[in-house]
Amino acid sequence: MKKILLTAAGIVLTVSVMAQDIKSTAVPEPVKAALKAKYPEATKVSWEKEKGNYEANWGGKSGEDNSVMFTPAGVFIEIVKAISVNDLPKAVAPYVAAHYKGAKIKEAGLVTDAAHKVTYEAEVKGGDLIFDEKGNFIKKD
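All values derive from a computational prediction rather than experimental measurement. (Residues numbered from 1 in each chain as written. Predicted model: local features only at pLDDT ≥ 70, side-chain atom pairs only at ≥ 80, totals over all residues. Heavy atoms only, no water.)

Undergrad: I'm lost on the overall build of the chain in this one. Help?
TA: Check the secondary structure of the chain and you find three helices and nine strands. Moving toward the C terminus, one meets the helices and strands of the chain in the order α-β-α-β-β-β-β-α-β-β-β-β. Buried positions account for 31% of the 141 residues belonging to the chain. For the chain, the accessible area works out to roughly 9,200 Å², and carbon and sulfur atoms hold 58% of it. (Helix = DSSP H or I, 4+ residues; strand = E, 2+ residues; numbered from the N terminus. Buried < 20%, exposed > 50% of the residue type's maximum accessible area, 1.4 Å probe, protein only. Areas by Shrake-Rupley, 256 points an atom, 1.4 Å probe, with all protein chains shown as cover.)

Put into structure tokens, the structure is as follows:
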């Protein structure tokens, strides 16, 4: 019985860490107001809750050309703008080839945080790899 409970607890823990699609009605008003004030062009927004924060997605064919994250109080964290994989810094592709044999970069993004620090995001095997402006690996997200 203990094994089943531990396994079930592990599954619940894993699910709670992953992003969850949510309805607009579940998004706090300060978050919606912050999005409207900072990005008035955002329309047809879909929402996710990730690590306790709120992510708004809009634009493009997939509806995710722009992805912006806010705290529950409406404080801006970062925006990720979709870019072509070819627009990543030149050092990213060789890093991926060396560390993720045979894997391809599925999506890429230009990340700008609240302090205006720019990094790049490359989706590889379902995870995001973060690189600095020169293409130096920073971390896996």
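Undergrad: In this structure, what is going on with helix H2 (residues 29-38)? I would like to understand it.
TA: Residues lying three or four places apart along an α-helix face the same way, a consequence of the helix completing one turn every 3.6 residues. Residues Val31, Ala34 and Leu35 constitute the buried set of H2. The buried residues of H2 all sit within an arc of 100° when viewed along its axis, so they share a single face. Opposite the buried face of H2, at more than 90 degrees from it, the exposed residues are Glu29, Lys36 and Ala37. The inward-facing, buried residues of H2 contact strand E2 (46-50), strand E3 (53-58) and strand E4 (66-70). (Arc of directions from axis to C-beta. Contact = heavy atoms within 4.5 Å.)

Undergrad: How do you make sense of the nonpolar core when you look at a structure like this?
TA: When a protein is soluble and globular, its nonpolar side chains tend to lie buried together. In this structure, Leu35, Tyr39, Trp47, Trp58, Val68 and Phe70 are the most contacted members of the largest nonpolar core, which totals 14 residues. Elements represented by at least two residues in this core include exactly H2, E3, E4 and strand E5 (76-83). Non-local contacts of Val68, meaning those with residues more than four positions away in its chain, are made with Leu35, Tyr39, Tyr54, Glu55, Ala56, Trp58, Phe76, Glu78 and Ile79. By size, the runner-up hydrophobic cluster in this structure holds 13 residues, among which are Tyr100, Ala108, Ala122 and Phe131. (Core = buried A, V, L, I, M, F, W, Y, C linked by side-chain atoms within 4.5 Å.)

Undergrad: Would you explain a negative patch on the surface in this entry?
TA: A cluster of acidic residues, Asp21, Glu64, Asp65 and Glu107, forms a negative patch at the surface. Its place among the elements puts Glu64 in the loop between E3 and E4. (Patch = residues over 30% accessible without salt bridge, like charges linked within 9 Å, V, L, I, M, F, W, Y side chains within 5 Å. Salt bridge = Lys/Arg side-chain N within 4 Å of Asp/Glu carboxyl O. Lys, Arg positive; Asp, Glu negative; His and termini not counted. Charge placed at Lys NZ, Arg CZ, Asp CG, Glu CD.)

Undergrad: How should I be thinking about the packing of aromatic side chains in this particular structure?
TA: In this description, a pair of aromatic rings is defined by centroid distance and the angle of the planes. The tally for this structure, following the rule as stated, stands at six aromatic pairs. For the pair Tyr39 and Trp58, a centre-to-centre distance of 5.5 Å together with 50° between the ring planes defines the contact as tilted. Of the two residues, Tyr39 sits in the loop between H2 and E2 while Trp58 sits in strand E3, which places them 19 residues apart along the sequence. There is no split in this pair, since Tyr39 and Trp58 are both buried. Plain terms: the ring middles of Tyr95 and Phe131 are 5.5 Å apart, the flat faces sit at 80° to each other, and that makes the pair edge-to-face. Of this pair, Tyr95 sits in helix H3 (residues 92-99) while Phe131 is found in strand E8 (residues 127-131), placing the two residues 36 residues apart along the sequence. (Phe/Tyr/Trp six-rings, centres within 6.5 Å; stacked < 30°, edge-to-face > 60°.)

Undergrad: Please explain the pattern of salt bridges as it appears in this structure.
TA: Pairing between side chains becomes possible if they bear opposite charge and their charged atoms approach one another. With the rule as written, the count across this model stands at two salt bridges. Put simply, Glu29 and Lys32 hold a salt bridge, and the shortest N to O gap is 3.2 Å. Placement of the pair is Glu29 and Lys32 together in helix H2, with a separation of three residues, close to one helical turn. Of the charged contacts, one joins Lys51 and Asp141 as a salt bridge, the two residues approaching to 3.8 Å between their closest N and O atoms. Of this pair, Lys51 sits in the loop between E2 and E3 while Asp141 sits in the segment after strand E9 (137-140); the two residues are 90 residues apart in sequence, bridging distant segments of the chain. Relative accessible area serves as the criterion here: at 47%, Asp141 is assigned to the partly exposed category.

Undergrad: Can you help me understand the sheet that holds strand E6 (residues 105-113) in this one?
TA: Within a sheet, each strand pairs with its neighbour through backbone hydrogen bonds, oriented either parallel or antiparallel. An order of E1-E2-E3-E4-E5-E6-E7-E8-E9 is seen for the nine strands of this open sheet, with the pairing classed as antiparallel. Edge positions in the open sheet fall to strand E1 (20-22) and E9, since each of these has one partner strand only. On average, each strand axis in the sheet is inclined to that of its neighbour by 25°, with strand direction left out of account. Bridging between E4 and E5 involves five bridges; their strand directions are antiparallel. Bridge pairing in E5 places Ser67 opposite Val80. H2 rests against E2, E3, E4 and E5 of the sheet, and its axis sits at about 130° to E4. The strands that H3 touches are E6, strand E7 (118-124), E8 and E9; relative to E8, the one it contacts most, it runs at about 130°. (Pairing = 2+ DSSP bridges. Axes fitted to C-alpha atoms, helices over the stretch in contact; angles between N-to-C directions.)

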